[in-house]
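Coordinates in review
Letter by letter, the chains look like this.
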Amino acid sequence: AVVMVGSSKTLPMAITVLTFLPVESGDKGLIAIPCIISHLGQIIIDGFVASTWAARTQKSQETEFKNLDGRSAGPVTEGQSTRTEPEASAAASEQRV
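Residues take numbers from 1 onward in each chain, read along the sequence in its written order. Restriction of local features to residues with pLDDT of at least 70 applies here, the model being predicted, together with a cutoff of 80 or more for giving and counting side-chain atom pairs; totals for whole chains, interfaces and linings are based on all residues. To get the side-chain values, all heavy atoms of the structure are used, and hydrogens and water are removed first.

1. Overview of the overall build of the chain
Numbering of helices and strands runs from the N terminus; a helix is a DSSP stretch of H or I covering at least four residues, while a strand is a stretch of E covering at least two. The helix and strand inventory of the chain stands at four helices and zero strands. Helices and strands in the chain line up, N terminus first, as α-α-α-α. Exposure is judged per residue with a 1.4 Å probe applied to protein chains only, and the accessible area is read against the type maximum: over 50% gives exposed, under 20% gives buried, and values in between give partly exposed. A burial count over the chain gives 7% of its 97 residues as buried. A total of about 8,100 Å² of accessible surface is found on the chain, and carbon and sulfur atoms cover 64% of it. A 1.4 Å probe and the Shrake-Rupley method give the accessible areas. Residues count as covered only by the protein chains that appear here.

As structure tokens, then:
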């Protein structure tokens, strides 16, 4: 969020700096054109970065949910059961009887 918010303030900051430039530096309207173009470029890049981050976040959350569900918890270590929780609780009930 900080990256996105920080990059969205570039155009107002650039225009503020332009207002303090001396008159001898040139036409402020022409100087503002590269600032506007670079700001548009940042917006496009931010859109790409945001969609990439969203896809990665969704993928990692899906992996976490699968791990919590017990189906894709990774390799089984010694002493660890391969049963899902409902199967394990049913087996425990049968052992008590």
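Right, picking up where we left off after that structure.
2. Topic: the confidence of the model for the chain
A residue's pLDDT is simply how confident the predictor is in it, with values from 0 to 100. Mean pLDDT over the chain works out to 75, with 62% of the residues at or above the 70 mark. For the chain, per-element mean pLDDT is lowest for helix H4 (residues 85-96), which scores 56, and highest for helix H2 (residues 10-19), which scores 89.

3. Section: a nonpolar patch on the surface
A contiguous nonpolar patch, built from Leu 30, Ile 33 and Ile 37 and spanning about 300 Å² of accessible area, is present on the exposed surface. Its location among the elements puts Ile 37 in helix H3 (residues 28-69). Given a relative accessible area of 54%, Ile 37 falls into the exposed group. Residues enter a patch when their relative accessible area is above 30% and they make no salt bridge; the linking distance is 9 Å between like charges and 5 Å between nonpolar side chains (Val, Leu, Ile, Met, Phe, Trp, Tyr). One speaks of a salt bridge when a side-chain nitrogen belonging to Lys or Arg is within 4 Å of a carboxyl oxygen belonging to Asp or Glu.

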